[in-house]
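# Results of the structural survey
Each chain, written out:
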Amino acid sequence: MTPTTPSGADPSAGTRLSTQDPPPEVSGSPDPPGTGDREPREGRTGTVACPKTPGGRRRPEDLPPVARYALCAGILVAAYLLPWIDRVPVIGPQIRTQGIDWPSALFNMSYFVLLALGLNVVVGFAGLLDLGYVGFFAIGAYTVAVLASPDSDIDRGWPWLACVPVAIGVCLLSGVLLGWPTLRLRGDYLAIVTLGFAEIIRVFADSSSLLRGDRGLGSIPHPPGTWSDGSPIFSVRDATPYYWLGLTLIVLMVLAVGNLKRSRVGRSWLAIREDEEVAELMGVRTVRFKLWAFAIGAAIGGFGGVMFAGEQGFLNSATFQLMFSVLVLAGVVMGGSGSIPGAILGGALISYIPDRLRGVEIAGTDAFEYRYLIFGLMIIIIMIFRPQGLLPDRRRSTIPQETQVEEQT
Amino acid sequence: MTTARMSKGEQPPASGAPCDGPAHGPGGAGRTPGREVLARVDGLELSFGGLVALHDVTFDVRAGEILGLIGPNGAGKTTFFNVLTGVHRPNRGRILLEGRPVTGLPKHRITRRGIARTFQNIRLFSGMTALENVMVGADARHRTSVPGALLRLPRHRREEERARTDARALLEFVGIGQHADQTARNLPYGEQRRLEIARALATGPRLLCLDEPAAGSTPAEKDRLLELIRAVRDRGVTVLLIEHDMRLVMRVTDRIVVLDHGQVIADGAPGDIREDPRVVAAYLGVPTDAA
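Remember, it's a predicted structure, so these values are computed and weren't measured experimentally.

## Looking at the overall build of chain B
Along the backbone of chain B there are 10 helices and 10 strands. In chain B, once contacts between residues fewer than 6 apart in sequence are set aside, the share between residues at least 24 apart is 68%.

Structure below.
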């Protein structure tokens, strides 16, 4: 038998070679891979201009550690001093809200930032579209209310602080309970299920006698502590301490989430987000890590909830609208999905913009009335000019990657 | 990079065909008899609807060999990889790795049991750096999880450090150490293929399945790939290789299994496979009886 010369044996081999640009021999070239027709995905991603090739724009991560810590410390101090922004000449009064007192606006921002940080773990890190995130916020807040409000049937008269660990535990558990059966779903299906989850929580709050519907639960205790003159630190008069509490929680959550992101956990999430099947084929326990993402997101949402309950002192079923979930998701995407600084900025903006519009007159009407219009326009503009978000993550690909169906031989 | 070396039982590149006589069917006499069986593929059946993708596929993979899996397009080679790694479940039959069945296990458990793979159409985590891609594979062997990472426990940090070191070493091993911090999607095509091999090796496999690793490579790159495959085997990893380039397959493999229409039509030493009338017929489209 002579006819089987190796190249003749496979007629496709020769043609395939000729249709492909030979990849550059010299290594180190940042050129997108010159692939042929067989790798449509690679070709496509390769042509998308990588926004930051090495040596491009400087980023805080590229700074030496000392400078980076100094930058962080500076930002932190500035954040704690934000309630006195009035004292800053010229720009201070511009930044300050008019229709709502500034510390309250700051507090609102702080729990939105917490929510954005939590949702960023779920959506940004693990790539799971959760449209019902407000559900966990509600669970956290209601757990405190049920345990501590005198209006509640099972009022234990617990102080706020004692309710916090219970509420976080309940949130973690509810994250796992929702995730366990649903995390096998992908993309759109998961989004629908989480949307349903948030509605279930809202309807339950509306109709159950325990949560008292729109009559609500009042007199929820404030966080503990007194000033030296005996007056409580956390009162209805001044929201500044609540803001500081929120800011402190944000710092803790950023540290925790940052640790996770830099670790094998973060890599696993990223791998799942990029290609779930390949992640599992490389040994990543995908279901377990998705569950962790859900539970951690839920717990952080729960922190937002307990703070909210402690500040407001009153909750009812009208508090937790679906709009919350949508707003927080918009914040995460606007800031740069998968990026912690992005989530902080996005979360702050979704709360700040409407609050800033309060009390501003546009053509004889309060601009607050148009907040969603203005807000929507801003999101559209940001998404057009910065689709990767305001402070994008280095590793986030600018285009979503669909799971590829592997072709047969 | 290790240079090509000729260890025992390995065919010198581009030599003539040493003929051991015809060797077909499961457990056929390759040139490495007596080696223990690493994986046993036993009567695999898989069909998608009416299409039979695999029919009674039976063969052994012996520890330490480079086994080629060839066949015309659509013969079921990648489908077989998918069954082997748990992407598809077979309708019947099973695969034993070191005597224990792996069929039916979740994909990540199969990986942990020691089977790793690359992909015909490159599937890297394209937004991560080369190093991070490999570390994902290395993570499969680590024990600490969320609590350890959250609190940055000493044991977790040790494991992170080890993953990083191992991953760097693997990148060096496949010859792309200088690109460790580049985003995977920015790597040249050939290096993406190498990165896939490094990522698969990071899981610590006994059996490495390469799905057309030379596709789209230049002849020079193919030569270096061949050296890499041998170097992988010399690390004690058994290699199962799907490849269309016959010259490469003939040079690098110890034994070849030929699939056609989802069935094993030949199993033997490269020299015998080249001469096998059924293989020739399958590739050239000549009816078997006319060959």
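## Overview of the overall build of chain A
The number of helices and strands found in chain A is 16 helices and 2 strands. Put simply, chain A has 409 residues, and 45% of those count as buried. Contacts spanning at least 24 positions in sequence make up 72% of the contacts within chain A whose residues lie at least 6 apart.

## Thoughts on the domain arrangement of chain B
Residues and elements named next belong to chain B. Parsing chain B into structural domains produces domain 1 (23–114 + 205–291) and domain 2 (128–204). The centre of domain 1, based on its C-alpha atoms, is set 27 Å off from the matching centre of domain 2. Contact residues are listed per partner, giving 11 residues for domain 1 and 10 residues for domain 2. Among the secondary structure elements, those contributing two or more residues to the side of domain 1 that touches domain 2 are α2 (107–113), β7 (207–211) and α7 (219–234). Element by element, the count of residues in the side of domain 1 that touches domain 2 is highest for α7, at 3 residues. Taken together, the residues of the side of domain 1 that touches domain 2 sort by class into 6 nonpolar, 3 polar and 2 charged.

## Structural notes on the nonpolar core
Counting residues in hydrophobic clusters, the biggest one holds 190 residues, and the most contacted among them are A:V144, A:A293, A:V328 and B:V258. With 17 residues, helix α6 (residues 102–125) of chain A is the largest single contributor of residues to this core. Both domain 1 (23–114 + 205–291) and domain 2 (128–204) of chain B contribute no fewer than three residues apiece to this core.

## Looking at the sheet that holds strand β2 (residues 51–62) of chain B
Residue and element names in this part refer to chain B. Strand order in the open sheet formed by 4 strands is β2-β1-β4-β5, and the pairing between neighbours is antiparallel. Looking along the sheet, the strands with just one partner apiece sit at the ends: β2 and β5 (100–101). Summarising the sheet, strand β1 (residues 37–48) and strand β4 (residues 92–97) pair through 5 bridges and their orientation is antiparallel. Directly across from R40, in β4, lies its bridge partner L96. Helix α1 (residues 77–84) contacts β1, β2 and β4 of the sheet and is inclined by roughly 70 degrees relative to β2.

## Quick notes on unusual backbone geometry
Here A:S219, not a glycine, exhibits a phi torsion of approximately 50 degrees, which is positive. Along the chain, A:S219 falls in the loop between α9 (187–207) and α10 (240–262). The backbone of B:E212 sits at a positive phi, close to 50 degrees, despite the residue not being glycine. Here B:E212 is to be found in the loop between β7 and α7.

## Some points on α9(A)
Residue and element names in this part refer to chain A. Compared with the 30 Å implied by 1.5 Å per residue over 21 residues, the 31 Å span of α9 between its first and last C-alpha is a close match. For α9, the complete set of buried residues consists of L190, T194, F197, A198, I201, R202 and A205. The buried residues of α9 occupy one face: seen down the axis, they fall within an arc of 125 degrees. Facing away from the buried side of α9 by more than 90 degrees, the exposed set consists of D188, Y189, V203 and S207. Those residues of α9 that are buried are in contact with α7 (134–148), α8 (160–182) and α14 (322–335).

## Structural notes on the packing of α6(A) against α14(A)
Residue and element names in this part refer to chain A. It is the contact of α6 with α14, at a shortest axis distance of 9 Å, that shows an interaxial angle of 70 degrees. What the angle tells us is that α6 and α14 run roughly perpendicular. On α14, the residues that touch F112, L115, A116, L119, N120, V123 and G124 of α6 are V328, L329, G331, V332 and G335. Taken together, the residues of the contact of α6 with α14 sort by class into 8 nonpolar, 4 polar and no charged.

## As for the sheet that holds strand β10 (residues 263–268) of chain B
Residues and elements named next belong to chain B. An order of β6-β7-β8-β3-β9-β10 is seen for the 6 strands of this open sheet, with the pairing classed as mixed. Both outer strands of the open sheet, β6 (115–117) and β10, are each paired with one neighbouring strand and no more. Across the sheet, the mean angle from the axis of one strand to that of its neighbour is 20 degrees, orientation sign disregarded. In this fold helix α10 (residues 277–284) packs onto β9 (255–260) and β10, with an angle of close to 130 degrees to the strand it touches most, β10.

## Here's the deal with the confidence of the model for chain B
All names here are of chain B. The predicted model of chain B has a mean per-residue pLDDT of 85, with 86% of residues at 70 or higher. Under a pLDDT of 50 for its full length, residues 1–33 has, in the predicted model, 58 contacts with residues more than four places off or in other chains. Confidence estimates for the predicted assembly give a pTM of 0.81 and an ipTM of 0.84.

Each value, and the rule that gives it
Residues numbered from 1 in each chain as written. Chains lettered and ligands numbered in written order. Predicted model: local features only at pLDDT ≥ 70, side-chain atom pairs only at ≥ 80, totals over all residues. Helix = DSSP H or I, 4+ residues; strand = E, 2+ residues; numbered from the N terminus. Contact = placed C-beta atoms within 7 Å. Buried ≥ 20, exposed ≤ 12 C-beta atoms within 10 Å, placed from the backbone. Domains from an automatic or database assignment. Nonpolar A, V, L, I, M, F, W, Y, C, P; charged D, E, K, R; others polar. Core = buried A, V, L, I, M, F, W, Y, C linked by C-beta atoms within 7 Å. Pairing = 2+ DSSP bridges. Axes fitted to C-alpha atoms, helices over the stretch in contact; angles between N-to-C directions. Expected span 1.5 Å × (residues − 1). Arc of directions from axis to C-beta. Parallel < 35°, antiparallel > 145°, perpendicular 65-115°, else oblique. pLDDT = per-residue confidence, 0-100.

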